[in-house]
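Read off the chains here:
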Amino acid sequence: MEAVGTAYQGTTVAQTYEGNRVFDVAVILDGDMRRDPSAVGSLMLTSSAGQRVRLDQLANVYEGSGRALIAHEGTRRLQTVTCDVNGRDLTSFVDEARAAVNSKVKFPEGTYAVFTGATEAREQAQHQILLYLLVAAAGILLLLAIVFRRFSHMMLVLANLPFALVGGVLAVFSTGGLMTIGSMVGFVTLFGITMRNSMMMISHFEHLVTHEGLIWNRDAAIQGASERLIPILMTAIVTALGLLPLAMGSGEPGREIEGPMAVVILGGLLTSTALNLLVLPTLALRFGHFSKSELVEE
C-alpha cells in the first residue's frame, strides 16, 4: 500500500533550497502511467526478500463504481469545482462565469450547474439587510409623522438622506466602486446619523418659534443653524475620529466588513454635515411652515 500510495499520490523524500526558499522533493509515478487505469495492475513491487512482482499478482485490480467516494447532495451526485478570484469583483466574475457556462457548456440530461459559495452567501445577506431596512424605514416614517405631524417638516428631515447618499457613493467609487456587505451596513448607519442631525435642526426651528417667540424668517433660520452648528459638528467629528483607523486599514485582512463600512460613513458624514448646515436651513426657509399658533394648535 505504501508503494501504491507513493506511485499515485507521491511521497516527499528530501528538500532542496533556492536562496531562502525551501522546496520538497517528491517521488511519484510518471503522469501518463498515473492517468491510465489499465496500468495500475502492472505496477512493480519489491518484497523484503528482493523479489519483484506485479501488483495484479498480489491483488485483484478492477474498476468499480466507487459510490462511497462520490459526493451526494439531496440524493443527487455532486461534483465540486472551486476557484479563487483575485483582482476583480466577485459578483461580476460569477455573473460572467454563469453566462459562459450556460452558453458554451452542454450538460447531459439531468445534469446542471449551480453557483454557490461566497457570492450566494453575500446575496442572501444583501436581501436580509434590504428587508430589515424596509421594515426600519416604515417604522421611522411612522415615528416622524407622529413627532412632526406636518408633512413638509417630515420631508425636510428626509431631505438630508440624499446629502449623505452623495458622499457615501463618492466614497465607494473612490475605493474601487465595489458594493460590499460592509458598504451596505455603512449606508444604513450613515442614514441614521444624518437623520438625527436633520431632526435636531428642524426641531430646534420649531422650538425657536413656539418657545422663544421668534418670527420665522431668514434671521430665525440663521440663528437656528448657528445654534445647532456645534452639536452637529461634534457628532460628526467624534464619529469620524472613531472610524478613521478602520477606514485607513480598510484593505487589511480581518476588516472586510468594518473597513468599507467606515469609508462609507466618513464620506457621507462629510457631505451631509456640510449640506445639513448650509442647504437644509434654506430649504426650511422656503418650504417650512413654522407658525407659533399653528404649531401650538397641532
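Just so we're clear, the structure is a prediction, and the values are computed from it rather than from any experiment.

Participant: Describe the packing of helix H5 (residues 151-158) against helix H6 (residues 160-174), and please don't skip the residues or the numbers.
Facilitator: The N-to-C vectors of H5 and H6 enclose an angle of 10 degrees; their axes lie 4 Å apart at closest approach. Taken together, H5 and H6 sit at an angle that is classed as roughly parallel. Residues Leu156, Val157 and Leu158 of H5 form the contact with H6, whose participating residues are Asn160, Leu161 and Pro162.

Participant: Give me the lowdown on helix H8 (residues 218-248), citing residues and values where you can.
Facilitator: An α-helical turn contains 3.6 residues, so any two residues separated by three or four positions project in the same direction. Along its length, H8 reaches its greatest deviation from straightness, about 40 degrees, at Leu229, and the proline Pro231 lies no more than four positions downstream. Lining the buried residues of H8 we find helix H7 (181-210) and helix H9 (258-287).

Participant: Which residues make up the pattern of salt bridges, and what are the values?
Facilitator: By the definition in use, this model includes three salt bridges. A salt bridge links Arg54 to Asp56; the shortest N-O distance between them is 2.7 Å. Given a relative accessible area of 34%, Asp56 falls into the partly exposed group. Among the salt bridges present, the one from Arg98 reaches Asp95, with a minimum N-O distance of 3.5 Å. Linking Arg98 with Asp95, this pair stays in helix H3 (residues 90-104), spanning three residues, or about one helical turn. For Arg98, a relative accessible area of 29% gives the class partly exposed.

Participant: So what's going on with the environment of Asp24? Residues and values would help.
Facilitator: Relative to the assigned elements, Asp24 resides in strand E2 (residues 21-27). In the structure, Asp24 is positioned 11 residues away from Val13 in sequence and 7.7 Å away in space, judged by C-alpha atoms. In this structure Asp24 touches Thr12, Ala14 and Gln15, once residues within four positions along its chain are discounted. Of note is the side chain of Asp24, whose polar atom sits 3.3 Å from the side chain of Gln15.

Participant: Please provide a residue-by-residue account of the side chain of Ser198, values included.
Facilitator: Position of Ser198 relative to the elements: it lies in helix H7. What Ser198 contacts, discounting residues up to four positions off in sequence, is Val157, Asn160, Asn276 and Leu280.

Participant: So what's going on with a nonpolar patch on the surface? Which residues, and what values?
Facilitator: Taken together, the side chains of Leu229, Ile230, Leu233, Met234, Ile237, Val238 and Leu241 define a hydrophobic patch exposed on the protein surface, amounting to about 630 Å² of accessible area. By secondary structure assignment, the location of Ile230 is in helix H8. In this structure Ile230 comes out as exposed when scored by relative accessible area, which is 53%.

Participant: I'd like to hear about the packing of H7 against H9, residue by residue, with values.
Facilitator: Axis angle and axis distance: for two packed helices, these are the angle between their axes and the distance between the axes, and together they describe the pair. Contact geometry for H7 and H9: axes closest at 9 Å, N-to-C directions at 25 degrees. Between H7 and H9, the crossing angle belongs to the class labelled roughly parallel. H7 and H9 meet at a crossing whose hand is right-handed.

What counts, and at which threshold
Residues numbered from 1 in each chain as written. Predicted model: local features only at pLDDT ≥ 70, side-chain atom pairs only at ≥ 80, totals over all residues. Heavy atoms only, no water. Axes fitted to C-alpha atoms, helices over the stretch in contact; angles between N-to-C directions. Helix = DSSP H or I, 4+ residues; strand = E, 2+ residues; numbered from the N terminus. Parallel < 35°, antiparallel > 145°, perpendicular 65-115°, else oblique. Contact = heavy atoms within 4.5 Å. Bend = angle between axes of the 7 residues up to and from the residue. Salt bridge = Lys/Arg side-chain N within 4 Å of Asp/Glu carboxyl O. Buried < 20%, exposed > 50% of the residue type's maximum accessible area, 1.4 Å probe, protein only. Polar contact = N/O pair within 3.5 Å; in protein donor to acceptor, adjacent residues only side chain to side chain. Patch = residues over 30% accessible without salt bridge, like charges linked within 9 Å, V, L, I, M, F, W, Y side chains within 5 Å. Areas by Shrake-Rupley, 256 points an atom, 1.4 Å probe, with all protein chains shown as cover. Left-handed = near helix turned anticlockwise from the far one by under 90°.

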